[in-house]
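Topology and contacts: notes
Now for the letters of each chain:
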Amino acid sequence: MNLEVNTTITYQHQNDSPTRITIHYGGTRSGKTYALLQWIIVKCLEGKEDVTIVRKTIPSLKRTLIKDFKDIMTEMGIWNENDFNISDRIYKFYTDSEIKFVSTDDPDKLRGLKSSISWLDEANEIDAESFFQLQIRCTGPIILSLNPTISPHHWIRSLENATTYFTTFKNNPYLNKELVDAIKALERTNPKAWRTYGLGEFVQNDKAVFQFNVIDWLPDDAEFLCMGIDFGYSSDPTAIVSLFRKDREIYLVENCYERGMVTNDIANKLRSIVGDNRWEIWADSAEPRLIEELYRLGFNIRPVVKGKDSINFGIQVLQNYSINIPKACQNLVNEFYGYEWETDRFGRQQDRPIDFNNHLVDAARYAAMMRLSQVATSRGKYVVRVR
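A short tour of the structure in this document, coming up. (Residues numbered from 1 in each chain as written. Predicted model: local features only at pLDDT ≥ 70, side-chain atom pairs only at ≥ 80, totals over all residues. Heavy atoms only, no water.)

**Considerations on the overall build of the chain**
For the record, the criterion: Only DSSP runs of H or I covering at least 4 residues are called helices, and only runs of E covering at least 2 are called strands; the numbering of each starts at the N terminus. In this setup the radius of gyration rests on C-alpha atoms only. A globule is expected at 2.2 Å times the number of residues raised to 0.38. Note on exposure labels: buried denotes an accessible area under 20% of the residue type's maximum, exposed denotes more than 50%, and partly exposed covers the range between, all computed with a 1.4 Å probe on protein chains only.
Of the regular secondary structure elements, the chain holds 13 helices and 17 strands. Over its C-alpha atoms the chain spans a radius of gyration of 24 Å, differing by no more than 12% from the 21 Å that the globule rule assigns to 387 residues. Its C-alpha atoms give the chain principal-axis dimensions of about 75 × 50 × 40 Å. Looking at the chain as a whole, 50% of its 387 residues qualify as buried.

**Let's talk about the environment of L225**
How we decide: By definition in these notes, contact holds between two residues if any of their heavy atoms fall within 4.5 Å.
Position of L225 relative to the elements: it lies in strand β10 (residues 223-230). Its relative accessible area of 4% is what places L225 among the buried residues. Along the chain, L225 and S242 lie 17 residues apart, while their C-alpha atoms are 7.8 Å from each other. Those residues in contact with L225 that lie beyond four places of it in its chain are L243, F244, R245, E280, R371 and L372.

**As for the pairing of strand β1 (residues 21-26)**
Two faces belong to every sheet, and in a regular strand the side chains alternate between them. Condition: The pairing criterion for strands is at least two bridges between them, as found by DSSP.
Counting buried positions along β1 gives six out of six residues, so the element sits mostly inside the fold. Neither face of β1 is open: one carries I21, I23 and Y25, the other T22, H24 and G26, and all of them are buried. When β1 meets strand β8 (residues 162-167), the two strands line up parallel, connected through six bridges. Residue pairing for β8: H24 is matched across the bridge by Y165.

**Some points on the packing of aromatic side chains**
Threshold: Centre distance within 6.5 Å is the pairing criterion for rings of Phe, Tyr and Trp, where only the six-membered ring of Trp is used; planes under 30 degrees apart are then read as stacked, over 60 as edge-to-face, and the remainder as tilted.
What the rule picks out here adds up to 15 aromatic pairs. Note on F69 and W79: the rings are 6.0 Å apart at their centroids and 75° apart in plane angle, and the pair reads as edge-to-face. Of this pair, F69 sits in helix α3 (residues 58-76) while W79 sits in the loop between α3 and β3 (84-85), placing them 10 residues apart in sequence. For the residue pair F69 and W79, the accessibility class agrees, reading buried in each case. A centroid spacing of 5.4 Å and a plane angle of 75° characterise the contact between F69 and Y91, whose relative ring orientation is edge-to-face. One end of the pair, F69, is in helix α3; the other, Y91, is in strand β4 (residues 90-92), and 22 residues separate them in sequence.

**Comments concerning the environment of N357**
This is how it is decided: What qualifies as a polar contact is a pair of N or O atoms within 3.5 Å, subject to a donor-acceptor requirement within protein and to the restriction that residues adjacent in sequence count only when both atoms come from side chains.
When you line up the elements, N357 lands in the loop between β17 (349-353) and α13 (359-371). Once the C-alpha coordinates of N357 and G27 are considered, the two residues, 330 residues apart in sequence, prove to be 23 Å apart. Not counting residues within four places of it along the chain, the set of residues in contact with N357 comprises Y257 and E335. Here the side chain of N357 touches Y257 through a polar contact of 3.4 Å, side chain to side chain.

**Observations regarding the layout of surface pockets**
Quick note on the threshold: In this analysis the probe radius is 1.4 Å and the grid spacing 1 Å, with only protein atoms considered; a cavity is a set of points the probe fits into but cannot get out of, a pocket is an open set with protein on both sides within 12 Å along at least five of seven lines, and lining residues have an atom within 4 Å of a point. Grid points are joined across faces, edges and corners, and a volume is the space filled by probe spheres set on the points.
In this model, the second largest pocket occupies a volume close to 650 Å³. Taken together, 27 residues line the second largest pocket, and the ones lying closest to its centre are R29, G31, T33, Y34 and N172. Elements supplying a minimum of two residues to the lining of the second largest pocket: α2 (32-46) and α3. Among the elements that make up the lining of the second largest pocket, the one with the highest residue count is α2 (five residues).

**Side note on the sheet that holds strand β14 (residues 301-303)**
The following threshold applies: Lines fitted to the C-alpha atoms define the axes, with helices restricted to the stretch that makes contact. Angles between their N-to-C directions range from 0 to 180 degrees.
Strand order in the open sheet formed by seven strands is β9-β15-β12-β11-β10-β13-β14, and the pairing between neighbours is mixed. Taken across any chain shown, the strands that pair with only one partner, and hence form the sheet edges, are β9 (212-215) and β14. Strand after strand, the sheet turns through a mean of 30° between neighbouring axes, direction not considered. Across nine bridges, strand β11 (residues 238-246) lies against strand β12 (residues 249-258) in antiparallel orientation. Directly across from R245, in β12, lies its bridge partner I250. Sitting on the sheet, α13 touches β10, β11, β12 and β13 (281-283), and the angle it makes with β10 is about 130°.

**Let's talk about the environment of A286**
Relative to the helices and strands, A286 resides in the loop between β13 and α10 (288-296). For A286 and E49, which are 237 residues apart along the polypeptide, the C-alpha to C-alpha distance reads 46 Å.

**A closer look at the packing of helix α12 (residues 330-338) against α13**
Quick reminder of the rule: Put simply, angles under 35 degrees are roughly parallel, angles over 145 are roughly antiparallel, angles from 65 to 115 are roughly perpendicular, and the rest are oblique. Amino acids are sorted into nonpolar (Ala, Val, Leu, Ile, Met, Phe, Trp, Tyr, Cys and Pro), charged (Asp, Glu, Lys and Arg) and polar (every other residue, Gly among them).
One way to put it is that α12 packs onto α13 with a least axis distance of 8 Å and a crossing angle of 90°. Taken together, α12 and α13 sit at an angle that is classed as roughly perpendicular. Where α12 abuts α13, its residues N331, L332, E335 and F336 lie against H359, L360, V361 and A364. Its residues placed into classes, the contact of α12 with α13 shows five nonpolar, two polar and one charged.

If you want it as structure tokens, here you go:
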């Protein structure tokens, strides 16, 4: 079969990549997603391939990748509705190649996947453990694509033996003039967005809730105050953070960030941290049964006291101090960097944070609320104690 494909430079980048892992950073409308789908389709037509295409959630898969995949296949004249299993999200080619569209919402499914090509789209939304599970089960190329909006401390930044490419809208010759002009206008109307989405550069997160310092380790004379814990299980991790203080500086240490933990697993983890000490542990009050089970196992654990607007109150308590996080606590650094305020459809910042990837942040917030402030539940007010 002879096919003529109109594509962008990203196709050639992937074809020429000298390493197994290839990272494609692209600004808005750079054409990277479309070109990578084209590259994968061609590989499936050239021989037998088992391809896994990954995004964080199923709705995002359906809204973007699956839609674009069908459009490209239709444009090529090779789409066959009968070859696509909608429920399993698997397309089978006449070459016996398969493309599986999967999400990381169910970590257990990732452990059963085997592939010859793996592609993680919007890889900045995918955690390091999911990447590891996909990596060890892939025998061939591993592709990551994303916008350059990630933390300098994100796990992707530390990948070794990877080839990195940057593209922008200027690398996409198929954009119409109106769209190009709209992107160029960002240079005047929103310089920050222009640098990220127009030029494809790394920039600071200006919607970040917290400013913090990444340090080598906390000082020896920092005072331990307590621990905070946010419970998870399958999709969300159980997150444990220790809170230390020295003068007007606080130090946050990541103790646990694991999925699939039941009561005994959490108890064993806590014992490895606290030993025989009766350290204070403040936990998410939404899990009273789990808190009671851990209390009966001998831990000094209590539910956090929540009142009206407790999320913003906890944020304010943390912001009253200079926050320091050891660089070894990568998940904690990434969460604090990426934790940002919501914006409305006009781009105006709202007074509430986005409820996403904030498990360690919540654990730190619980600890700070209960040890760095007094919570007054009467009249829905809070009283802050400053020493």
